[in-house]
Amino acid sequence: MAEARQFEIECKSVLTKSKIPSIDYALNPYLGCVHGCVYCYATFMAKFQKVEGEWGSFVGVKVNAPAVLARELERRPPGVVCLGTVCDAYQPAERKHRISRACLEAFVGREGFEVGVLTKSDLVLRDVDVLTRLESPDVGITVTCLDDRLAAVVEPGAPPPTRRLDAMRALADHGVPVWGFFGPILPTFSDTTDEIARVLGGMKAAGADHVLVDRLNLYPRVWSRFRDLLAREYQDHVDAVASIKRDPERYETELRRRVEDVAATLGIAAELCF
Ligand code: SF4
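We now turn to the structure provided with this report. Note that this is a predicted model, so its numbers are computed, not measured.

### Observations regarding the overall build of the protein chain
- In terms of helices and strands, the protein chain carries eleven helices and eleven strands.
- For 274 residues, the compact-globule estimate of 2.2 N^0.38 gives 19 Å, and the C-alpha radius of gyration of the protein chain, at 18 Å, lies within 12% of that figure.
- Its C-alpha atoms put the protein chain at 50 × 45 × 30 Å along the principal axes.
- Across the 274 residues of the protein chain, 39% fall into the buried class.
- Long-range pairs, those at least 24 residues apart, make up 77% of the contacts in the protein chain with a sequence separation of at least 6.

### Remarks on the packing of helix 2 (residues 65-75) against helix 4 (residues 99-107)
- Two elements in contact, helix 2 and helix 4, have axes whose closest approach is 9 Å; the angle formed by their N-to-C orientations is 20°. On the basis of their axis angle, the class for helix 2 and helix 4 is roughly parallel. Crossing of helix 2 over helix 4 shows right-handed handedness. Where helix 2 abuts helix 4, its residues Ala-65, Pro-66, Leu-69, Ala-70 and Leu-73 lie against Ile-99, Ala-102, Cys-103 and Ala-106.

### Things to note about the sheet that holds strand 1 (residues 5-9)
- Taking strand neighbours across the sheet as the criterion, the three strands line up as 1-5-4 in an open arrangement whose pairing is mixed. The sheet is open, and its two edges are formed by strand 1 and strand 4 (30-31), each paired on a single side.
- Bridge count for strand 1 against strand 5 (residues 58-62) is five bridges, and the pairing is parallel. By the bridge assignment, Gln-6 is partnered in strand 5 with Val-59.

The rules behind the values
- Residues numbered from 1 in each chain as written.
- Predicted model: local features only at pLDDT ≥ 70, side-chain atom pairs only at ≥ 80, totals over all residues.
- Helix = DSSP H or I, 4+ residues; strand = E, 2+ residues; numbered from the N terminus.
- Rg over C-alpha atoms; globule rule 2.2 N^0.38 Å.
- Buried ≥ 20, exposed ≤ 12 C-beta atoms within 10 Å, placed from the backbone.
- Contact = placed C-beta atoms within 7 Å.
- Axes fitted to C-alpha atoms, helices over the stretch in contact; angles between N-to-C directions.
- Parallel < 35°, antiparallel > 145°, perpendicular 65-115°, else oblique.
- Left-handed = near helix turned anticlockwise from the far one by under 90°.
- Pairing = 2+ DSSP bridges.

This is the structure we're talking about:
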């Protein structure tokens, strides 16, 4: 992958009211995400924020986010916070800039805030000392398949899934509540009964107390990126995915059944988002 363009920005607000059910505030310490997942639904952010460049090729570091957050925490009512809804708070820039870490630190000693992180990176493990000082933390680890080679193509800037599960295990061993996000399930790759069992089983073994599961929504922008990737790397999957796109209801019904059966067999609490 080409080196991502990095720049610093000042934000006016960082604790944003969330429209996601059960989350009161979204907190995104970065603009953009160099994990560059082919299915990312947050690519609209580039246009919205008037940033030039392909999604995955840039990251804006919100250098004043911790100071802005500290001020916002003085006047906002407590609630459930999610770090990383339109970026990954533990993407590579965080190693140097430590903005997410400083934001987590701002919640230490604040009563009533439930602070969660959703990430694909094992870098979150660095901040276990802060997480364990929070009143009510949790960390969700996203895995869309357990094939490191496939993940390197689909999520080119993110650490391999095997490392993510190792991080999940380590967080759980430190007493941090962890859960898994299996989403999106990659059609024709990680949607078979065997692959679903590998992922859900891997999450359970790594200490996840529950798993959220989602399917890939092949809306036009995602479909065009996914189709280009298949044509480039996995030509033998193009027709099968195209046929799923033609009849998504049938596919989703079957996928739901598969996930529910596997979850019941493995004895893991799985909540479906579709
Ligand atoms: S990690 Fe999340 S925000 Fe980042 S590119 Fe992937 S899907 Fe998008």
